[in-house]
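# Chains, contacts and geometry: an overview
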Amino acid sequence: MSAVLSAAVPSAVKNAAVNAETSREASLHIRPFEGPLGAEVIGLDLAQPLSRKALLQLHAAHLEHHVLVFRDQRITPQQQVNFSRLFGPLQIHVLRNFQLAGHPEVLVVSNIVEDGKPIGLGDAGHFWHSDLSYKERPSLGSMLHAQELPAEGGDTLFANMHLAYDTLPEAVKREIRYARAEHSYLKQYAELQRRSPWRPNLTQAQIDEVKPVVHPVVRTHPETGRQALFVSEHFTTRIVGIPEDASAALLKELFAHSVKPAHVYRHEWRPHDMVFWDNRSLMHLAAGCPADQRRKLYRTTIEGDVPY
Ligand code: AKG
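Residues numbered from 1 in each chain as written. Predicted model: local features only at pLDDT ≥ 70, side-chain atom pairs only at ≥ 80, totals over all residues. Heavy atoms only, no water.

Naming follows an unreviewed UniProt entry, where the chain appears as TauD/TfdA family dioxygenase of Pseudoduganella albidiflava. Quoted verbatim from the Sequence similarities (unreviewed entry) heading of the UniProt record, the comment on the chain is "Belongs to the TfdA dioxygenase family." (UniProt positions renumbered as here; feature names shortened; annotations may be inferred.)

Right, here's the structure in full:
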């Protein structure tokens, strides 16, 4: 059994209210992608109740492959919320205006403008990031469920941050072994507002909700024990305790190394795809699509541990 599969099962998964195994689930299997990460889950309908055996299988596959792709899922937002909650409590995004009506746990990621107003966060993934790394307890994982897809573009890229760490030169590993870095939601906010003027000014209460935090630059995955780089161009502002220029140079080097093609999986969305990734192991980026093409996905975000 791999180290990943023998990892302890967290209490959210262990105690999740699930059903007895059904014969329908007997065909469930995991087909890994070629390349640095990712797998497709075959034979599972997320609109149906899940058995504990299936949940444990998904949990192990998520730890091992970091991105799970479920094809052709005809699920409601409530079913997405219910499935997400099997892995932990959900987090609510600071931009409340892009919550799905009646479902505060669902963030609408979309470039669609209706009646002159954006219906969602259109540039959520413009910079490489790990979701909510600017919080004391960043996200364990996120799910995106495709609602409307453009004919052209709109892919999502995922970078394997374990591989990124493992392949660093030994001298850099030594340099960052005990380093800590600040993460701030505000780092790119003005730049994003410049590109997308519909982005609201944050209220003082929102600014207080996203106070900068400091996390280790090399993070230990709480379930597998694997080390991963935990810095991103979207949210990491500086490495603490070293001069500004040295911090900027080191971060630039780490960002560039992290997203080398050998570390990256590109997800080309198909209708009704549901994608569940591990924010403790990955960064991601939205590749973008032509502005005149409609794109809409629903995101749920599961709370994780304080990084160490
Ligand atoms: C996010 O929701 O954090 C994203 O980065 C969105 C990714 C996408 O739209 O492809």
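Structure's up, so let's keep going.
Our next topic: the packing of aromatic side chains. In the structure shown here, the tally under the stated rule is 12 aromatic pairs. Judged by centre distance (4.7 Å) and plane angle (55°), the rings of F87 and F276 are tilted. With a gap of 189 residues between them, F87 in the loop between α3 (77-85) and β4 (99-100) and F276 in strand β16 (residues 274-278) connect regions that are remote in the sequence. Of the two residues, F87 and F276, both sit in the buried class. Arranged with centres 5.3 Å apart and planes meeting at 55°, the rings of F158 and W277 form a pair that is tilted. One end of the pair, F158, is in strand β9 (residues 156-160); the other, W277, is in strand β16, and 119 residues separate them in sequence. (Phe/Tyr/Trp six-rings, centres within 6.5 Å; stacked < 30°, edge-to-face > 60°. Helix = DSSP H or I, 4+ residues; strand = E, 2+ residues; numbered from the N terminus. Buried < 20%, exposed > 50% of the residue type's maximum accessible area, 1.4 Å probe, protein only.)

The subject of this paragraph is the sheet that holds β9. Across the sheet, which stays open at both edges, the 3 strands sit in the order β15-β9-β17 with antiparallel pairing between neighbours. Looking at strand neighbours, the two that pair on one side only are β15 (264-267) and β17 (282-286), the edges of this open sheet. Taken over all neighbouring pairs, the strand axes of this sheet differ in orientation by 20° on average, direction set aside. As paired strands, β9 and β15 are joined by 4 bridges and run antiparallel to one another. Pairing of A159 across the sheet is with V264, part of β15. (Pairing = 2+ DSSP bridges. Axes fitted to C-alpha atoms, helices over the stretch in contact; angles between N-to-C directions.)

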